[in-house]
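As a plain string of letters, each chain reads:
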Amino acid sequence: MTMYAALLRGINVGGSKKVPMGELRTLMQGLGYADVATYLQSGNAVFGSGHGDEESLAGELAAALEKHFGFTVGVLVRDHAYLRAVREACPFPAAELEGKQLHVTYFSEAVDAERFAAVTPADFLPEEFRLGDRALYLYAPDGLGRSKLAPVLARPGLLKGLTATTRNWNTVVKLEELTGV
């Protein structure tokens, strides 16, 4: 059995796309997933599965969510090895930063620097971003809510064709830990 994290995009934000975590756990157990647990209210779940891969599991969960709740939810599923690799590859000094200063945006597929070529990094200093494996690392010293760079990186034109969802560093670390059991 492989342990995975399911990252749901855009739920429980501003009262829209409400997905109670208890219902999410029950729904996931009904799909046959084992050891289902949720983390926070922002669309993070961990589970074990002996079948499928990241893409097929994400599709299965997205279809079940739409059927149950009546709206579409972007879902990414990542296994423990990937989550560990993202954590270990962080280009910023994570141990020296507060969790609110560092974020990872997970992408549904690999992206290259050309996609973000229109963003001039010097215009946003001291904020910075770096690309990783299906991920973007964002250093925002004043937090995501005050970031000038984060909204630019999240523009629909830059993310066209992708499912993308962002987590702060505390959540990145916790999901890696929870899937490592």
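I will try to describe carefully the structure that is included in this document. (Residues numbered from 1 in each chain as written. Predicted model: local features only at pLDDT ≥ 70, side-chain atom pairs only at ≥ 80, totals over all residues. Heavy atoms only, no water.)

## Here we look at the packing of helix H3 (residues 80-88) against helix H6 (residues 169-179)
At a minimum axis distance of 9 Å, the contact between H3 and H6 shows a crossing angle of 145°. Between H3 and H6 lies a crossing of left-handed hand. In this structure, H3 uses His-80, Leu-83, Arg-84, Val-86 and Arg-87 to contact H6, whose residues at the interface are Trp-169, Val-173, Leu-175, Glu-176, Glu-177 and Thr-179. Residues belonging to the contact of H3 with H6 are distributed by class as follows: 5 nonpolar, 2 polar and 4 charged. (Axes fitted to C-alpha atoms, helices over the stretch in contact; angles between N-to-C directions. Helix = DSSP H or I, 4+ residues; strand = E, 2+ residues; numbered from the N terminus. Left-handed = near helix turned anticlockwise from the far one by under 90°. Contact = heavy atoms within 4.5 Å. Nonpolar A, V, L, I, M, F, W, Y, C, P; charged D, E, K, R; others polar.)

## What to know about the pattern of salt bridges
Two side chains with opposite charge may pair up if their charged atoms get near one another. Inspection of every chain in the model, using the stated rule, returns 5 salt bridges. The closest approach of N and O atoms between Arg-78 and Glu-54, which form a salt bridge, is 3.6 Å. Highlighted residues: Arg-78 in strand E4 (residues 74-79) and Glu-54 in helix H2 (residues 54-69), separated in sequence by 24 residues. One continuous salt-bridge network, built from bridges that share partners, spans Glu-54, Arg-78, Asp-133 and Arg-134. (Salt bridge = Lys/Arg side-chain N within 4 Å of Asp/Glu carboxyl O.)

## Examining the side chain of Asn-44
Locating Asn-44 in the fold gives a position in strand E3 (residues 44-49). The buried category is assigned to Asn-44, whose relative accessible area is 0%. Side chain to side chain, Asn-44 and Ser-42 meet in a polar contact 3.2 Å long. With sequence-adjacent residues up to four places away left out, Asn-44 is seen in contact with Ala-6, Leu-7, Ala-37, Thr-38, Tyr-39, Arg-167, Thr-171 and Leu-175. (Buried < 20%, exposed > 50% of the residue type's maximum accessible area, 1.4 Å probe, protein only. Polar contact = N/O pair within 3.5 Å; in protein donor to acceptor, adjacent residues only side chain to side chain.)

## Let's talk about the packing of aromatic side chains
Across all of its chains, the model carries 7 aromatic pairs by this definition. Between the aromatic rings of Tyr-4 and Phe-47, the centroid separation amounts to 5.5 Å while the plane-to-plane angle is 25°, which identifies the pairing as stacked. Of this pair, Tyr-4 sits in strand E1 (residues 2-9) while Phe-47 sits in strand E3, and the two are 43 residues apart along the sequence. Comparing Tyr-4 with Phe-47 shows no difference in burial state: the two are buried. (Phe/Tyr/Trp six-rings, centres within 6.5 Å; stacked < 30°, edge-to-face > 60°.)

## Some points on the sheet that holds E1
Pairing in this open sheet of 4 strands is antiparallel, and the strands run E2-E3-E1-E4 from one edge to the other. Each end of this open sheet is capped by a strand with a single partner; those strands are strand E2 (34-39) and E4. With direction set aside, neighbouring strand axes in the sheet form an average angle of 20°. Here E2 runs beside E3; their pairing, made up of 4 bridges, is antiparallel. Residue pairing across strands places Tyr-39 opposite Asn-44, the latter belonging to E3. Relative to the sheet, H6 contacts E1, E2 and E3, its axis offset from that of E1 by approximately 150°. (Pairing = 2+ DSSP bridges.)

Just geometry here; none of it tells us what the structure is for.
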